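The lines below spell out each chain.
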Amino acid sequence: MPLAGAGTVRRVVSLVPSLTEAVAATEPGLLIGVTDWCSHPADLAVPRIGGTKNPDVARIVGLAPDLVIANDEENRRPDLDGLRAAGLPVWVTDIRTLDQAFRSLDRLLTVGCGLTRPAWLDAAEAAWAEVRPLPGPAHRAVVPIWRRPWMVLGHDTFAGDLLRRLGLRLPHAEDPARPERYPAVPLPQLLAGRPDLVVLPDEPYRFTADDGPEAFPGIPAALVSGRHLTWYGPSLVEALAVLTAQLARARPGGSGGR
């Protein structure tokens, strides 16, 4: 991967919503292209170059960025190879844990983009240094990320790492018979596992009070912010407080909700 020298990057295309927010919060003038899914900051006004899985490679090349930033999970290798073949430097992150996120963000911003380490990154690390598991016994939690078919958090995921730090146990991340990161598990099997809690984020599938909890009758449901659960960037500053509050409302005897 070609590395840009410090101070040389002036034009950045981001193919990852959380990395878009990270760059925008640090040096917004760098961004010259982002995906259709890049929703933060809300007032971001730069060209859209398609989705994370189907970016317009020709348009990106035409924007002549100094650096394209991507993610190993979020983006497709053929698209990244096409950008490299056109002579563009591509910086690819690979983030599976909170610690990796902090290291990767620091390196991307300071080495890749030649910026000063931002105060929000220090604030995010300080916030998560204070993490404490939710009170009470550890709950066995099912965390769907899709339905039709049902898919759940499995091994080696960033979101799973955050939830474990909050004291949840994820049986599909502990099952050696299911090595997948996002296994498809039929609903009857999810229910047969007798989870204590179901955690329903609003992305990538938009679970709501009327779409998701009804599939898990009698099981407390936590509707949580997908951005705070799955994004690595400035959202991490408030993610601990947001997720803690949302999960606490769904403890046994709670009513769930957001």
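Residues numbered from 1 in each chain as written. Predicted model: local features only at pLDDT ≥ 70, side-chain atom pairs only at ≥ 80, totals over all residues. Heavy atoms only, no water.

Put simply, the rule reads: UniProt positions are given in the numbering used here, feature names are shortened, and annotations may be inferred rather than shown by experiment.
Looking at an unreviewed UniProt entry, the protein chain carries the name Helical backbone metal receptor, with the source organism given as Kitasatospora misakiensis. The UniProt entry for the protein chain carries the following text under Sequence similarities (unreviewed entry): "Belongs to the bacterial solute-binding protein 8 family."

### Observations concerning the environment of Gly 50
This is how it is decided: Going along the chain from the N terminus, every DSSP run of H or I of four or more residues is numbered as a helix, and every run of E of two or more is numbered as a strand. The buried label applies to any residue whose accessible area, calculated with a 1.4 Å probe on protein chains only, is under 20% of its type's maximum; exposed applies above 50%, and partly exposed to all values in between. In this description, contact between two residues means that some pair of their heavy atoms is separated by no more than 4.5 Å.
For Gly 50, the position within the fold is in the loop between β2 (31-33) and α2 (57-63). Of the residues examined, Gly 50 reaches a relative accessible area of 16% and is grouped as buried. The sequence separation of Gly 50 and Trp 37 amounts to 13 residues, and the corresponding C-alpha distance is 8.3 Å. Here Gly 50 is in contact with Thr 35, Asp 36 and Pro 55, once residues within four sequence places are set aside.

### Considering the sheet that holds strand β4 (residues 90-93)
Put simply, the rule is: Two strands are said to pair when DSSP picks up at least two bridges between them. Axis geometry follows a simple rule: fit a line to the C-alpha atoms, using only the stretch in contact for helices, then measure angles between N-to-C directions, giving values from 0 to 180 degrees.
Pairing is parallel in the open sheet, where 4 strands are placed in the order β2-β1-β3-β4. Bordering the open sheet on either side are β2 and β4, each of which pairs with just one other strand. Within this sheet the neighbouring strands show an average axis-to-axis angle of 35°, counted without direction. Strand direction decides the pairing type here: strand β1 (residues 12-14) and strand β3 (residues 67-71), joined by 3 bridges, are parallel. Residue pairing for β3: Ser 14 is matched across the bridge by Ile 69. Across the sheet, helix α3 (residues 77-85) touches β3 and β4, and the angle it forms with β4 is around 155°.

### Notes on unusual backbone geometry
Excluding glycine, most residues fall at negative phi; most peptide bonds, likewise, are trans. Cis peptide bonds are those with omega within 30 degrees of zero, and the linkage from His 40 to Pro 41 qualifies with 0°. Position of Pro 41 relative to the elements: it lies in the loop between β2 and α2. Pro 204 follows Glu 203 through a cis peptide bond whose omega is 5°. Here Pro 204 shows up in the loop between β9 (197-201) and β10 (221-224). One non-glycine residue, Asp 156, adopts positive backbone phi at about 60°. Structurally, Asp 156 is set in the loop between β7 (151-152) and α6 (158-165). Judged by relative accessible area, which is 40%, Asp 156 ranks as partly exposed.

### Points about the packing of aromatic side chains
The criterion, for reference: Note on aromatic pairs: the rings of Phe, Tyr and Trp (six-membered ring only in Trp) are paired at centre separations within 6.5 Å, and the planes decide the class, stacked below 30 degrees, edge-to-face beyond 60, tilted for the rest.
If you walk through the whole model with that rule in mind, you get 5 aromatic pairs. Taking the centre distance of 5.5 Å and the plane angle of 85° together, the rings of Phe 158 and Tyr 232 count as edge-to-face. With a gap of 74 residues between them, Phe 158 in helix α6 and Tyr 232 in the loop between α9 (226-230) and α10 (236-248) connect regions that are remote in the sequence. This pair shows no difference in class: Phe 158 is buried, exactly as Tyr 232 is. Ring geometry for Tyr 205 against Phe 207: centres 4.6 Å apart, planes inclined by 50°, an arrangement best described as tilted. Through pairs of rings, three or more aromatic residues link up here, namely Trp 146, Trp 150, Tyr 205, Phe 207 and Phe 216.

### Points about the pattern of salt bridges
Heads up, the condition is: Any carboxyl oxygen of Asp or Glu that lies within 4 Å of a side-chain nitrogen of Lys or Arg is treated as forming a salt bridge with it.
Summed over the entire model, instances satisfying the criterion amount to 16 salt bridges. The residue Arg 76 makes a salt bridge to Asp 79 at a minimum N-O spacing of 3.0 Å. Overall, Arg 76 belongs to the partly exposed group, its relative accessible area being 37%. Through salt bridges that share partners, Asp 72, Asp 94, Arg 96 and Asp 156 make up one connected network.

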